[in-house]
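Geometric and topological summary
Residues per chain are reported as follows:
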Amino acid sequence: MARKPLIAGNWKMNMLSADGTALAKGVATEVKKLGKPECEFLVCPPFTLLSQVKKALRGAKVALGAQDVHFNLKGAHTGDISPLMLKDLGCTYVIVGHSERRADHKESNELVCKKAQAAIENGLKAVICIGETLEERDAGKTIDVCTKQILGSVPENATAANTVIAYEPVWAIGTGKTPTAADVEDVHAAIRKVVAKKLGKGNANKMRILYGGSVKPGNAKELLALPDVDGALIGGASLKVEDFMGIASKACVK
Ligand code: PEP
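Residues numbered from 1 in each chain as written. Predicted model: local features only at pLDDT ≥ 70, side-chain atom pairs only at ≥ 80, totals over all residues. Heavy atoms only, no water.

It is worth spelling out the overall build of the protein chain at this point. In terms of helices and strands, the protein chain carries 11 helices and 8 strands. Taken over the C-alpha trace, the protein chain has a radius of gyration of 17 Å; the compact-globule value for 254 residues is 18 Å, and the two agree within 12%. With respect to the principal axes defined by its C-alpha atoms, the protein chain has extents near 45 × 45 × 35 Å. Residues counted as buried form 52% of the 254 residues belonging to the protein chain. For the protein chain, the proportion of contacts with a sequence separation of at least 24, taken over those separated by at least 6, is 74%. Entry remark: accessible area of the protein chain is about 11400 Å², with carbon and sulfur atoms responsible for 55%. (Helix = DSSP H or I, 4+ residues; strand = E, 2+ residues; numbered from the N terminus. Rg over C-alpha atoms; globule rule 2.2 N^0.38 Å. Buried < 20%, exposed > 50% of the residue type's maximum accessible area, 1.4 Å probe, protein only. Contact = heavy atoms within 4.5 Å. Areas by Shrake-Rupley, 256 points an atom, 1.4 Å probe, with all protein chains shown as cover.)

So this is what it looks like as structure tokens:
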């Protein structure tokens, strides 16, 4: 089953105008050089830079995504951003359920599911993040936790065309640590089975499951070559053009 790898950058709460524009322009320039890239590219800057980054990416095959979204379309939700607002800015993707939001903002599976559903209903693709903490991993609960998160956070309207799952072990994010390649493949294969139960085999076979957590140019080749790994969600290394593109250069069509 050919799944085109997705190389996605999560800039988190980093970059002001000048640096963010320079980074986006740098990525755009490198992606243009690839001509017909073998993978899809996505960058998810903070809300404040979406408009500028959209302009900086002009003419390059790089999608624009946000890092969060509200499930309502408008109204009394101070500080929140709606799916329509994201579309208005040129976003085609949005990350939901990142572990930093699950932890810092106490986001539940139910809330993540509502956000993903609203995003999809309004024509955005949802990148739904899941992953276990170190305690859960040490207790042998990785697959259980991921299963519950998928069942609870992936909405009924999810399909392979509108949804990407990102498996991000919480203990691997920003730490320089990664699971072994064998562990990553085991979890991804288990995730695909749960997706098959929930959304059918057709969706499961086509749905992209990204790995995220300390992906670097040095470990990308091994991770991206795994049969059930369909790209990467990249935090720290997405803030440097060379690192982001270095990771992308290891992606291959499966
Ligand atoms: C992330 O937070 O999505 C992430 C994968 O971060 P890092 O690559 O820095 O571990």
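Taken in spatial order, the 8 strands close into a barrel running S1-S2-S3-S4-S5-S6-S7-S8, and their pairing is parallel. Along the sheet, successive strands turn relative to each other by an average axial angle of 25°, direction set aside. As paired elements, strand S1 (residues 6-10) and strand S2 (residues 40-44) share 5 bridges and run parallel to each other. Counted as the bridge partner of alanine 8 is leucine 42 from S2. The sheet contacts of helix H11 (residues 241-248) involve S1, S2 and strand S8 (231-234), and relative to S2 the element is tilted by about 145°. (Pairing = 2+ DSSP bridges. Axes fitted to C-alpha atoms, helices over the stretch in contact; angles between N-to-C directions.)

Turning to the site of the ligand, a few remarks are in order. Around the ligand, 15 residues are found, and the nearest of them are Lys12, His98, Glu168, Gly174 and Ser214. Here glycine 174 contributes a backbone N or O atom positioned 2.7 Å from an oxygen atom of the ligand. Here the ligand loses 97% of its free accessible area of 290 Å² to cover by the protein chains. Considering only residue class, the shell around the ligand consists of 4 nonpolar, 8 polar and 3 charged. (Near = heavy atom within 4 Å. Polar contact = N/O pair within 3.5 Å; in protein donor to acceptor, adjacent residues only side chain to side chain. Nonpolar A, V, L, I, M, F, W, Y, C, P; charged D, E, K, R; others polar.)

Inspection of the secondary structure puts glycine 152 in helix H7 (residues 142-153). Look at glycine 152 and you get partly exposed, because its relative accessible area is 24%. C-alpha of glycine 152 to C-alpha of leucine 73: the two residues are 79 residues apart in sequence and 22 Å apart in space. The residues contacting glycine 152, other than those within four sequence positions of it, are Asn109, Glu110 and Cys113.

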